[in-house]
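Each chain, letter by letter, is given below.
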Amino acid sequence: MTTDTELRKQIRDIIAPFKGRQIVLIPALQAVQEKLGYLPQEAMEEIGALAGVSTNTVYGVATFYAQFRTTPAGKRRVAVCRGTACHVRGSERILEAVERALRLKVGETTSDREYSLETVACIGACALAPTMRINEDTHGKITTKAVEELFPRKAKQEGTPEK
Amino acid sequence: MAQSNTKHQILICQGSGCESSKSDKITKALVDEVKHSGLSDTVQIKATGCHGFCQQGPIVIIEPDGIFYTGVKIEDAPEVVKSYFVDGKPLERLFYHDPITSKAVPLYKDIQFYSQQHRLILRNCGHINPEEIDDYIATGGYTALKKVISSMEPTQVINEVQRSGLRGRGGAGFPTGKKWEEAYKAKANPKFVVCNADEGDPGAFMDRSILEADPHSVLEGMIIASYAIGSSNGYIYVRAEYPLAVKRFGIAIDQAKKHNLLGNNILGSKFSFDVDVMQGAGAFVCGEGSALMYSIEGKRGMPRVRPPRSVASGLWGLPTSLNNVKTFASVPLIINNGADWYAGIGTEGSKGTAVFALTGKIANSGLVEVPMGTTLRHVVFDIGGGVPGGKHFKAVQTGGPSGGCLPGSALDLPVDFESLSKAGSIMGSGGMVVMDEETCMVDVAHYFLSFCRDESCGKCVPCREGLPLMIDILERITGGKGKPEDISRLLEMSDTVIKGALCGLGTTAPNPILSSIRYFRDEWEAHVNEKRCPALVCKPLINFYILPDKCQGCGICARSCPAEAITGGKRMVHVIDQSKCIKCATCLEKCPPKFSAIKKVSGETVEVPPEPVPIAAGAGTK
């Protein structure tokens, strides 16, 4: 109960600056997600109250946009770019290599909440294709070898070339 | 070469691309190094936006001589400073090398990628510090705004833009002056100016680079537009995936306000205008005008029936002029140089320049700006340097998921709104992806259609239900189970989706399929009739084999195979169990090049032993 109230208070503090603004809903959702990493049910309720719309409406908006998530993400959010330039330069294979290395499918988070894996439509660094983002850092010209180096702990179980 | 009493500048790119290669740290290292060498009085370090040659990044230019360095690393900083400013010689190992001739090109102006371009919209990109308004002002920035406010009536501004022939750079090419005129004449108030920076086409990053490298040019265009249509409020809708663009545009707004170029009583006049940044939340469909406005209002971004058009009923039902980033960036140039000057560039129906993000299988990947009417061949081969690695050009894709793939026979087409749409593609916002013989056109069609399916808002049945059904057929084809009637059925369904969907997303979603079948039908038929993927891409149609006469039994492939599909032993020819193989191509990558024992095929079988056998004497040697 206490944690619930604390969470609500935290959310209310985050969204307070949007009160009375012309544009409330999406910026408020973005602000909460930036701080908490996801949108708990409480956020939908509080933002609805602030914007003067129902929780359902907020939920409808939040689930329409790819940016929002309703479950917590991993500490390191890995996003493989699936833009066209990345696609023709083999991003599908990169994605598969990441899936194997992290033992995750797209949309999943490791049980220790270390990593979550997602795809992004295009991060606009097409000249460096294929690309991948880990939290705020963009990695360009990714190879399957680079994937192994980025995620060594998990990749190790797979074949290490003999000398 | 370096003169000690001349003021030199070291320009370092801090666009998204170069920043991913730690260009911010390189800047710091250069600053430290200059200070350390006692050169602070003569050498200035300047962080700039994107040069549009991201593939070669991080890029460093020494001005005024125009020495161009590529792929600069943090540890290069001492040498960059010492070589030129102490020893008087540029650092040759960082020169750009022409991908065709392999020759070193030391000077910026001699690099074909740049010298063949005609940069108007990108005029300041890479040359000014985007976070310093004075840099923009020093290049003549905001003089157009001053001219408009001090000596032009709104109708004169609209007339000038109309006469210039400027058409919207977001893709549709609607005449900008006409849009402004309609917004100006609309009776309701207040009115809004909105900048569409929701650059959602995968493979396009023109708008991102402009906002990162020259945000004031866009802001100036927006202020002029608001003066012309009589608006006092504006928004820029930027993708949240572009954090640097958001940050720099925010800085530009603050600086413009401090200079009284934005806000109340701009430059002492009665005209007031304010801009807010709204971040998109990752929905491609919000690039469509009505969806974008719903999104600003805090709703689900679902397009509505038009008319009324947004100039009559846009944001909150009020008159709104929505223009693209590049459209706004063109406006100050037109005001300063005149409509006739602008109308003198380009073709009869398409004036001015086009900016493309040239990517994919291309030697020089980056931002390209050319006059409308330039041929695709000039862009791909003369500027882009053609397809690298000795591979052959197969297609060029323009217009993103709404566009099409054009074959080699279309390379002499002039790039303008009319020609590209006649050929079955579109101009689009400027993505241009080059594909080579290793790109499967059916796979690309599948890629784009899957993209549109995922991004469909779900409002119209033909788009929501039709696209998944079309993907079922496509997956049948790429999965080796294609039926003879599948191609004609896809054409039929495309027609239904085009006729039945409401917005630009749905009505153009089948374009990549239509153009692909139109130009590459033989490739489609190979998939359907022969169960063969000529480009060796579609997994169910390809197989990997280990060639017995080349395998040396080193075991690297077996150890790296994630599916444990390879068996063998020391000095044994290894064998892939086809039933276990997941076709990830790891073995192909890991097999030492001196052996090259892995072969990828489609539609054929390779004779290999069923079980590992001892290596024959002399195998693998020449």
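Bear in mind that the values here come from a model prediction, so they are computed numbers and not experimental data. (Residues numbered from 1 in each chain as written. Chains lettered and ligands numbered in written order. Predicted model: local features only at pLDDT ≥ 70, side-chain atom pairs only at ≥ 80, totals over all residues.)

S.K.: It is not clear to me how the overall build of chain A should be interpreted in this structure. Could you clarify?
M.R.: A tally of helices and strands in chain A yields 8 helices and 4 strands. The helix and strand sequence of chain A, counted from the amino end, reads α-α-α-α-β-α-α-β-β-β-α-α. By residue count, 40% of the 163 residues in chain A fall in the buried class. (Helix = DSSP H or I, 4+ residues; strand = E, 2+ residues; numbered from the N terminus. Buried ≥ 20, exposed ≤ 12 C-beta atoms within 10 Å, placed from the backbone.)

S.K.: Sorry if this is basic, but what is going on with the overall build of chain B here?
M.R.: When helices and strands are tallied, chain B shows 23 helices and 21 strands. A compact globule built from 622 residues would reach a C-alpha radius of gyration of about 25 Å, and chain B, at 27 Å, matches this within 12%. Summarising its shape, the C-alpha atoms of chain B cover approximately 90 × 70 × 40 Å along the three principal directions. Per-residue burial for chain B yields a buried fraction of 55% across its 622 residues. Look at the contacts in chain B between residues 6 or more apart in sequence, and 71% of them connect residues 24 or more apart. (Rg over C-alpha atoms; globule rule 2.2 N^0.38 Å. Contact = placed C-beta atoms within 7 Å.)

S.K.: So what exactly am I meant to see when it comes to the sheet that holds strand β7 (residues 192-197) of chain B here?
M.R.: Within a sheet, adjacent strands bond to each other through the backbone by hydrogen bonds, running parallel or antiparallel. Residues and elements named next belong to chain B. Pairing in this open sheet of 4 strands is parallel, and the strands run β9-β8-β7-β10 from one edge to the other. Every other strand in the sheet has two partners, leaving β9 (274-279) and β10 (320-324) as the edge strands with one partner each. Each adjacent strand pair in this sheet contributes to an overall mean axis angle of 20°, direction not counted. Here β7 runs beside strand β8 (residues 233-238); their pairing, made up of 6 bridges, is parallel. Within β8, the position partnered with N196 by the bridge is Y237. Running at roughly 90° to β10, helix α13 (residues 325-337) makes contact with β7 and β10 of the sheet. (Pairing = 2+ DSSP bridges. Axes fitted to C-alpha atoms, helices over the stretch in contact; angles between N-to-C directions.)

S.K.: Explain the packing of helix α9 (residues 206-213) of chain B against α13(B) to me, please; I cannot follow it from the model alone.
M.R.: Any two packed helices are characterised by how steeply their axes cross, that is the angle between the axes, and by the distance between the axes. Residues and elements named next belong to chain B. Where α9 contacts α13, the axes come no closer than 9 Å and their chain directions differ by 45°. It follows that α9 is oblique to α13 by the angle criterion. Between α9 and α13, the residues in contact are M206, D207, I210 and L211 and V325, K326 and A329, respectively. Per-class residue counts for the contact of α9 with α13 are 5 nonpolar, no polar and 2 charged. (Parallel < 35°, antiparallel > 145°, perpendicular 65-115°, else oblique. Nonpolar A, V, L, I, M, F, W, Y, C, P; charged D, E, K, R; others polar.)

S.K.: Quick question: what am I supposed to make of the confidence of the model for chain B here?
M.R.: The predicted structure's coordinates, where accompanied by low pLDDT, should not be read in detail. Residues and elements named next belong to chain B. Predicted confidence across chain B gives a mean pLDDT of 94, with 98% of residues reaching 70 or more. The low-confidence segment residues 1-5 (pLDDT under 50) makes 7 contacts with residues lying over four places distant or belonging to another chain. Model confidence for the complex is summarised by a pTM of 0.93, with the ipTM given as 0.89. (pLDDT = per-residue confidence, 0-100.)

S.K.: How should the sheet that holds strand β1 (residues 8-13) of chain B be read in this particular structure?
M.R.: Residue and element names in this part refer to chain B. Here we have 4 strands laid out as an open sheet, ordered β2-β1-β3-β4, and mixed in their pairing. What marks the edges here is a single partner per strand, and that holds for β2 (43-48) and β4 (67-69). Going across the sheet, the axis of each strand differs from the next one's by a mean of 20°, ignoring polarity.

S.K.: What is the right way to look at the interface of chain A and chain B in this model?
M.R.: As a measure of interface size, the accessible area lost when the parts come together is often cited. Between chain A and chain B, the residue contacts involve 40 residues of the former and 49 residues of the latter. Those elements giving two or more residues to the side of chain A that touches chain B turn out to be α2 (25-36), α4 (55-64), α5 (84-88), α6 (91-102) and β4 (137-139) of chain A. Here the side of chain A that touches chain B gets 4 residues from one element, more than from any other, and that element is α5(A). Here the side of chain A that touches chain B is built from residues that sort into 22 nonpolar, 13 polar and 5 charged.

S.K.: Mind showing me how you'd approach the domain arrangement of chain B here?
M.R.: Domain annotation of chain B identifies domain 1 (8-110), domain 2 (133-343), domain 3 (353-436), domain 4 (441-530) and domain 5 (542-614). Put simply, the middle of domain 2 of chain B and the middle of domain 5 of chain B, counted by C-alpha atoms, are 57 Å apart. (Domains from an automatic or database assignment.)

S.K.: What exactly am I supposed to notice about α13(B) here?
M.R.: Residue and element names in this part refer to chain B. The element α13 is largely enclosed, with a buried count of 11 among its 13 residues. Buried within α13 we find V325, K326, T327, F328, A329, S330, V331, P332, L333, I334 and I335. Where α13 terminates, the next one or two residues include G338, which has phi positive at roughly 95°.

S.K.: Help me understand the domain arrangement of chain A, please; the structure alone is not making it clear to me.
M.R.: In terms of domains, chain A is made up of domain 1 (2-64) and domain 2 (76-155). The straight-line distance from the C-alpha centre of domain 1 of chain A to that of domain 2 of chain A is 30 Å.

S.K.: Even after reading the chapter, I still don't get the environment of V325(B), so can you show me in this structure?
M.R.: All names here are of chain B. Note on placement: V325 falls in helix α13. Sequence separation between V325 and D198 is 127 residues; the distance between their C-alpha atoms is 9.3 Å. Contacts of V325, omitting those with residues within four sequence positions, involve C195, A197, D207, I210, L211 and V218.

S.K.: Please explain the pairing of β8(B) as it appears in this structure.
M.R.: Each regular strand carries side chains that alternate between the two faces of the sheet. Residues and elements named next belong to chain B. The buried fraction of β8 amounts to 5 of the 6 residues, a majority that puts the element mostly inside the structure. In terms of strand pairing, β8 meets β9 through 6 bridges, oriented parallel. Bridge pairing links N233 to D274 in β9. In this region the chain leaves β8, passes through helix α11 (residues 243-258) and returns to the parallel neighbour β9; the handedness of that crossover is right-handed. (Right-handed = clockwise from strand over helix to strand, strands pointing away.)

S.K.: Help me understand the environment of S313(B), please; the structure alone is not making it clear to me.
M.R.: Relative to the helices and strands, S313(B) is located in the loop between α12 (289-296) and β10. Once the C-alpha coordinates of S313(B) and S290(B) are considered, the two residues, 23 residues apart in sequence, prove to be 9.4 Å apart.

S.K.: Explain unusual backbone geometry here, please?
M.R.: With the exception of glycine, most residues fall at negative phi, and the peptide bonds are largely trans. That bond from N189(B) to P190(B) is cis: its omega, -5°, falls within 30 degrees of zero. In this structure, P190(B) sits in the loop between α8 (176-185) and β7. The omega torsion of the bond from R306(B) to P307(B) falls at 0°, within 30 degrees of zero and hence cis. With respect to the element layout, P307(B) can be found in the loop between α12 and β10. Phi at N135(A) is positive, roughly 50°, even though this residue is not glycine.

S.K.: Would you take a moment to explain the confidence of the model for chain A for this structure?
M.R.: Residue and element names in this part refer to chain A. Of all residues in chain A, 91% have pLDDT values of 70 or greater, and the mean over the chain is 89. The spread of mean pLDDT over the elements of chain A runs between helix α8 (residues 152-155), the lowest at 58, and α4, the highest at 97. Low pLDDT, under 50, characterises residues 154-163; the stretch is placed with 17 contacts to residues that sit more than four places away or in other chains.

S.K.: Hey, could you run me through helix α10 (residues 215-229) of chain B in this one?
M.R.: Because an α-helix completes one turn every 3.6 residues, residues spaced three or four positions apart along the sequence face the same direction. Between the first and last C-alpha of α10(B) there are 21 Å, a value that for 15 residues agrees with the 21 Å anticipated at 1.5 Å per step. Across the 15 residues of α10(B), 15 count as buried, placing the element largely inside the fold. (Expected span 1.5 Å × (residues − 1).)

S.K.: Which parts of the structure should I look at to understand the nonpolar core?
M.R.: In globular proteins that are soluble, nonpolar side chains generally tend to be buried together. Judged by nonpolar contacts, the single largest core of 223 residues is most densely connected at I47(A), V98(A), L30(B), I210(B), I224(B), Y237(B) and V379(B). Formed by 17 residues, the second largest nonpolar core is a distinct cluster that contains A558(B), A565(B), V575(B) and C591(B). (Core = buried A, V, L, I, M, F, W, Y, C linked by C-beta atoms within 7 Å.)

S.K.: Could you clarify how one ought to interpret the environment of T567(B) in this entry?
M.R.: All names here are of chain B. Take T567: it is sitting in strand β17 (residues 566-567). Since 15 C-beta atoms lie within 10 Å of it, T567 is described here as partly exposed. Leave out the neighbours within four places in its chain, and T567 touches A558, H574, V575, D577 and P612.

S.K.: Just checking my understanding: could you explain the pairing of strand β11 (residues 353-360) of chain B for this structure?
M.R.: Residue and element names in this part refer to chain B. Burial within β11 is extensive, with 8 of its 8 residues counted as buried. Covered by surrounding structure in β11 are T353, V355, A357 and T359 together with A354, F356, L358 and G360, the residues of both alternating faces. Of the pairings in the sheet, the one linking β11 to strand β12 (residues 366-371) comprises 6 bridges and is antiparallel in character. Pairing of A357 across the sheet is with L367, part of β12. Connecting β11 to the next strand, β12, in antiparallel fashion are 5 residues.

S.K.: I tried to follow the packing of helix α7 (residues 154-164) of chain B against α8(B) on my own but got confused; where do I start?
M.R.: Residue and element names in this part refer to chain B. Across the interface, α7 lies against α8 with an axial gap of 7 Å and an inter-helix angle of 155°. The angle between α7 and α8 falls in the class roughly antiparallel. Note on packing geometry: the crossing formed by α7 with α8 is left-handed. Between α7, through P154, I158, V161 and Q162, and α8, the contact on the second element is made entirely by T176, G177, K178, W180, E181 and Y184. (Left-handed = near helix turned anticlockwise from the far one by under 90°.)

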